[in-house]
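Fold and geometry: a report
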Amino acid sequence: MHNPLCARKCPRARGTPCRTTPPIPGSHQQDQHLRRLLQTALEHAAGSLVHYRHTHALGSSELALFKGCVRCMLDVVLPYLTAAFARVFAAGAGKVDAGASAGLLRQLLAEM
């Protein structure tokens, strides 16, 4: 959502957050907890895709769609969420490590 405090710098009235929006202040422990929570959620999402692939027989058309879903998760969702977290929370929170999730998804793509 648009930050009304940066209205003079940003002509948009709505849409994605402005790059001039300051990070949300919070305690370092809270930021670390949220980082770990997001990291765990990404790992669970990747694990769910792996589980689904190994427990469901997919036809050729379904397999192509599923492969596209996995590719989208790897190329769009993971980078977007990690970048959004870095912009929203102070730099002290550290980066979200999506390496484990990305590794699972790459391995899944290699198997298909």
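Per chain, the residues get numbers from 1 upward, laid out in the order the sequence is written. Whole-chain, interface and lining totals are the exception, using all residues; otherwise, since this is a predicted model, local features are given only for residues with pLDDT of at least 70 and side-chain atom pairs are given and counted only at 80 or more. As a rule here, side-chain values come from all non-hydrogen atoms in the structure, and water together with hydrogens is ignored.

Axis separation between helix 2 (residues 60-88) and helix 3 (residues 99-111) bottoms out at 10 Å; the angle between their running directions is 155°. In terms of orientation, helix 2 lies roughly antiparallel with respect to helix 3. In the packing of helix 2 onto helix 3, the handedness of the crossing is left-handed. Every residue of helix 3 that contacts helix 2 at Phe-66, Lys-67, Val-70, Arg-71, Met-73, Leu-74 and Leu-78 is listed here: Ser-101, Ala-102, Leu-105, Arg-106, Leu-108 and Leu-109. Residues are grouped as follows: nonpolar covers Ala, Val, Leu, Ile, Met, Phe, Trp, Tyr, Cys and Pro; charged covers Asp, Glu, Lys and Arg; every other residue, Gly included, is treated as polar. In terms of residue class, the contact of helix 2 with helix 3 is made up of nine nonpolar, one polar and three charged. Only the contacting stretch of a helix is used when fitting its axis, a line to C-alpha atoms as for every element, and angles between N-to-C directions run 0 to 180 degrees. Runs of H or I in DSSP of at least four residues are treated as helices and runs of E of at least two as strands, each being numbered from the N terminus. Our angle categories are set so that under 35 degrees counts as roughly parallel, over 145 as roughly antiparallel, 65 to 115 as roughly perpendicular, and the remainder as oblique. Left-handed describes a crossing whose near helix is turned anticlockwise from the far helix by less than a right angle; the clockwise case is right-handed. Two residues qualify as a contact provided that any one of their heavy atoms is within 4.5 Å of a heavy atom in the partner residue.

Stacked, edge-to-face and tilted labels apply to pairs of Phe, Tyr and Trp rings (six-membered ring for Trp) whose centres lie within 6.5 Å, assigned for plane angles under 30 degrees, over 60, and everything in between, in that order. All chains considered together, the criterion is met by one aromatic pair. Aromatic side chains Tyr-52 and Phe-66 sit 5.7 Å apart centroid to centroid with 25° between the ring planes, which places their arrangement in the stacked category. Remark: Phe-66 occurs in helix 2 and Tyr-52 occurs in helix 1 (residues 28-55); sequence separation between them is 14 residues. Residue exposure (1.4 Å probe, protein chains only): buried if accessible area is under 20% of the type maximum, exposed if over 50%, otherwise partly exposed. The exposure class of Tyr-52 is partly exposed, given its relative accessible area of 36%. The class for Phe-66 is buried, based on a relative accessible area of 8%.

Here the focus is the nonpolar core. Across soluble globular proteins, nonpolar side chains show a tendency to be buried alongside one another. For our purposes a nonpolar core is just a set of buried Ala, Val, Leu, Ile, Met, Phe, Trp, Tyr and Cys residues, chained together by side-chain atoms within 4.5 Å. Membership of the largest hydrophobic core comes to 18 residues, with the highest contact counts inside it found for Leu-42, Leu-49, Val-70, Leu-74, Leu-78, Leu-105 and Leu-108. Going through the elements one at a time, helix 1, helix 2 and helix 3 are the ones with two or more residues in this core. Among the elements that make up this core, the one with the highest residue count is helix 2 (six residues). Look past the residues within four positions of Leu-74 in its chain and what remains in contact with it is Pro-79, Ala-102, Leu-105, Arg-106 and Leu-109.

Further remarks concern the confidence of the model for the protein. What pLDDT conveys is the predictor's confidence in a given residue, as a value from 0 to 100. For the protein, mean pLDDT is 78; residues scoring 70 or higher make up 70% of the total. The secondary structure element of the protein with the lowest average pLDDT is helix 1, at 87, and the one with the highest is helix 3, at 92. Note that pLDDT drops below 50 for residues 1-15; the model gives that stretch 17 contacts with residues more than four away or on any other chain.

So, on to the environment of Ala-102. For Ala-102, the position within the fold is in helix 3. Exposure remark for Ala-102: the relative accessible area of 9% places this residue in the buried category. For the pair Ala-102 and Ala-46, spaced 56 residues apart in sequence, the C-alpha separation works out to 7.8 Å.

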